[in-house]
Amino acid sequence: MAAPTPNAADYRPRDAVAVRRALISVSDKTGLVELAGALVEQGVELVSTGSTAATIAEAGHPVTEVSEVTGFPESLDGRVKTLHPAVHAGLLADLRLERHEQQLTELGFAPFELVVVNLYPFVETVASGAEPLAVIEQIDIGGPAMVRASAKNHPNVAIVVDPDDYGTVLDAVRAGGTDLAFRTRLAAKAFAHTAAYDAAVAAYMSAVVVGETPEQAAALPERFQITVNKGADLRYGENSHQMAALYPYAGGTGIAQATQLGGKEMSYNNYVDADAAFRAAFDHDEPAVAIIKHANPCGIAVGETIAAAHAAAHACDPVSAFGGVIAANRVVTREAAESIAPIFTEVVVAPGFEPGALEVLQAKKNLRLLELPESYAPVRSELRQISGGFLAQQADTHFADPASWQLVSGEAADEATLADLAFAWRACRAVKSNAILLASGGASVGVGMGQVNRVDSCHLAVTRAGERARGSVAASDAFFPFADGLQVLIDAGVRAVVQPGGSVRDEEVIAAAQAAGVTMYLTGERHFFH
Ligand SMILES: NC(=O)c1ncn([C@@H]2O[C@H](COP(=O)(O)O)[C@@H](O)[C@H]2O)c1NC=O
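Residues numbered from 1 in each chain as written. Predicted model: local features only at pLDDT ≥ 70, side-chain atom pairs only at ≥ 80, totals over all residues. Heavy atoms only, no water.

(A) Quick peek at unusual backbone geometry. Cis geometry is adopted by the peptide bond preceding N434, which originates at S433 and carries an omega value of -10°. Take N434: it is sitting in the loop between α17 (415-428) and β17 (436-440). Positioned with a positive phi, D77 is a non-glycine residue whose angle comes to about 55°. By secondary structure assignment, the location of D77 is in the loop between α3 (66-70) and α4 (85-92). On the basis of relative accessible area, D77 is assigned to the exposed category, the value being 80%. Despite not being glycine, H294 shows a phi value in the positive range, around 50°. By the element assignment, H294 lies in the loop between β9 (288-293) and β10 (296-302). (Helix = DSSP H or I, 4+ residues; strand = E, 2+ residues; numbered from the N terminus. Buried < 20%, exposed > 50% of the residue type's maximum accessible area, 1.4 Å probe, protein only.)

Here is the structure:
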């Protein structure tokens, strides 16, 4: 039978619904006994499944087993418990319609006014590394069926999927019943809950059961199902007139899951910059520090220690580093904290902080300290919203080994120069295009970022480097379309350059490098970052 076309005249108004009979079936038993006790106190009859009923009964509260209502034992290892007309007719009867009321009576079933369900812990089971057989058993079927039925029938039934809502529900029950607005809010939450649950099941199926690699499943799936709960409201967005919030992925391993150990509340811009800092600092194997302003590095350095790396990164551009966001790819030591503390900084991100470092940094009341989750990892795929949709791509994780670079001008770099070129090449890909990064001794000394032509990025980099440009090495995130940008670097005294190559004017560019006796390597791959 197709879904009927409703006739508005058939519907009797219904707002307040007194709760007489409640169906409770929960995996997470948090607050269950208190809820059951309070409902019984209000004269509510409880119907419940297996271990939920047992928990309620053990606490001394009267409860009817669902098998008594259905006349069927819970069967097939619990796969069939509540999937029965005696339950679902009681959930779906729309008592605003006289014919539903009559039919329910004829069938000998009673309605439920309150349903409390939370589902088998599917996500938690996957996260525990359980075998597929065990995971599949944790796909809840009867639970979502009850949740969706009750949510559809919210004009008559209040559906509760979150133990955090028990208090509000009890307030309503005690006050004489739930009202329609409240039930509608609960229904919206319930549908979001089952949607997120099914999205997690679908993602698992694609990744594990269908046999896609986790990279394929995570990066470019056939269908994106993103359901994420709001983690926090932020004070405002990029500007004070924009509302903003943080939505951390369940099970995510990045900035969104970091623990704040001190300082003011994180802002939208703090999160954006902290993420850019994370990306920049964690792209290096050695101890590294990146200092970010407006999503761009104004200093990146590697060093023997985090303290040394910070000092070198800061020296790159102390003017811009004022009010910056810092990421360190190692635990922050007291020594590093003492290097950071005198400089006005918005956020410090790190995998951890030594107690001595916390003592130093927590003394700065406004400085936000973010400790990454233990399993922190860079993103594997990136999403970017455009009008009418979004783009997805794999993250830029490929890095051409210096051994594969092609020397096209000058002498082969000695070990130290090659190390600087490799550092500059890596560091450059954390800089917004067009990116030119000058480096010396494992530290950036001049960064030209985000310009709409490469010559301007070169000018910016050498201007920022000043005298330090002489004898430095340079990396360019994409090829030089003309020799002009390269000439700016040569004139400033840059002695070695790494760039992808591939321009139609490569010959002209290489000739300029050769004429100046500058070492030039081509990597054969570019690292645009917009
Ligand atoms: N099969 C069913 O008919 C069924 N009905 C309810 N459940 C789930 O069983 C759980 C509660 O079971 P118990 O009360 O036995 O702990 C809940 O998470 C509920 O969502 C079911 N389980 C799975 O589908």
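From this point, the narrative continues.
(B) The site of the ligand, seen in detail. Taken together, 23 residues are adjacent to the ligand, and S51, T52, R79, N118 and D140 come closest. Within the side chain of Y120, an N or O atom sits 3.0 Å from a nitrogen atom of the ligand. Compared with its free state, where it exposes 530 Å², the ligand has 94% of that area covered by protein. When the residues that make up the shell around the ligand are grouped by side-chain class, the tally is eight nonpolar, 11 polar and four charged. (Near = heavy atom within 4 Å. Polar contact = N/O pair within 3.5 Å; in protein donor to acceptor, adjacent residues only side chain to side chain. Areas by Shrake-Rupley, 256 points an atom, 1.4 Å probe, with all protein chains shown as cover. Nonpolar A, V, L, I, M, F, W, Y, C, P; charged D, E, K, R; others polar.)

(C) Just the packing of helix α1 (residues 32-41) against helix α9 (residues 166-174), in detail. One can describe the packing of α1 onto α9 by two numbers: an axis separation of 11 Å at closest approach and a directional angle of 5°. Between α1 and α9, the crossing angle belongs to the class labelled roughly parallel. Residues L32, L35, A38 and L39 of α1 pack against Y166, L170, V173 and R174 of α9. Here the contact of α1 with α9 is composed, by residue class, of seven nonpolar, no polar and one charged. (Axes fitted to C-alpha atoms, helices over the stretch in contact; angles between N-to-C directions. Parallel < 35°, antiparallel > 145°, perpendicular 65-115°, else oblique. Contact = heavy atoms within 4.5 Å.)

(D) Inspection of helix α13 (residues 306-316) at higher detail. Looking at α13, one finds that the buried residues are I306, A307, A309, H310, A313, H314 and C316. At its buried positions, α13 is contacted by β9, β10, α14 (318-321), β11 (324-328), α15 (334-340) and β18 (443-448).

(E) Looking closely at the nonpolar core. Judged by nonpolar contacts, the single largest core of 48 residues is most densely connected at I255, V349, L370, W405, L421 and L437. In this structure L370 touches I255, A258, T259, Q260, M266, A274, V347, V348, V349, A350 and F353, once residues within four positions along its chain are discounted. (Core = buried A, V, L, I, M, F, W, Y, C linked by side-chain atoms within 4.5 Å.)

(F) Expanded view of the domain arrangement of the protein. Parsing the protein into structural domains produces domain 1 (15-207), domain 2 (254-371) and domain 3 (402-522). Inter-centroid distance (C-alpha atoms) of domain 1 to domain 3 is 64 Å. (Domains from an automatic or database assignment.)

(G) Quick look at α17. Helix length check: α17 (14 residues) gives 20 Å between terminal C-alpha atoms against 20 Å at 1.5 Å per residue, within 8%. Counting buried positions over the 14 residues of α17 gives 10, a clear majority of the element. Of the surrounding secondary structure, the elements contacted by the buried residues of α17 are β10, β17, β18, β19 (473-476), β20 (496-499) and β21 (519-522). (Expected span 1.5 Å × (residues − 1).)

(H) Region of interest: the pairing of strand β1 (residues 21-26). Burial runs high along β1: six of the six residues are buried. Bridging between β1 and strand β2 (residues 45-48) involves four bridges; their strand directions are parallel. For L23, the partnering residue across the bridge sits in β2 and is V47. In this region the chain leaves β1, passes through α1 and returns to the parallel neighbour β2; the handedness of that crossover is right-handed. When β1 meets strand β4 (residues 114-118), the two strands line up parallel, connected through five bridges. Each residue of the ladder has a partner; that of V26, found in β4, is N118. (Pairing = 2+ DSSP bridges. Right-handed = clockwise from strand over helix to strand, strands pointing away.)

(I) Structural view of the packing of α1 against helix α2 (residues 50-58). Contact pair α1 / α2: the axes reach a minimum separation of 9 Å and the direction vectors enclose 70°. Taken together, the axes of α1 and α2 lie roughly perpendicular to each other. For the pair α1 and α2, the crossing hand works out as right-handed. Across the interface between the two elements, L32, V33 and A36 from α1 touch T52, T55 and I56 from α2. Its residues assigned to classes, the contact of α1 with α2 shows four nonpolar, two polar and no charged. (Left-handed = near helix turned anticlockwise from the far one by under 90°.)

(J) The arrangement of the side chain of N156 in detail. Tracing the chain through its elements places N156 in the loop between α8 (142-152) and β5 (158-160). What makes N156 buried here is its relative accessible area of 2%. A distance of 2.8 Å separates a polar atom in the side chain of N156 from a polar atom in the side chain of D94.

(K) Inspection of the UniProt feature "domain: MGS-like" (unreviewed entry) in the protein at higher detail. Per the UniProt record, "domain: MGS-like" (unreviewed entry) is found at residues 10-161. The annotated region residues 10-161 carries 43% helix and 13% strand content, and the separation between its end C-alpha atoms amounts to 31 Å. (UniProt positions renumbered as here; feature names shortened; annotations may be inferred.)

(L) Representation of the sheet that holds strand β3 (residues 64-65) within the structure. Spatially, five strands are ordered β3-β2-β1-β4-β5 in an open sheet, and the strand pairing comes out parallel. Looking at which strands have only one partner, the edges of the open sheet turn out to be β3 and β5. In this structure, β4 lies alongside β5, joined through three bridges in parallel fashion. Its bridge partner lying in β5, V115 is registered against I159. Here α2 sits on the sheet in contact with β1, β2 and β3, set at roughly 140° to β2.

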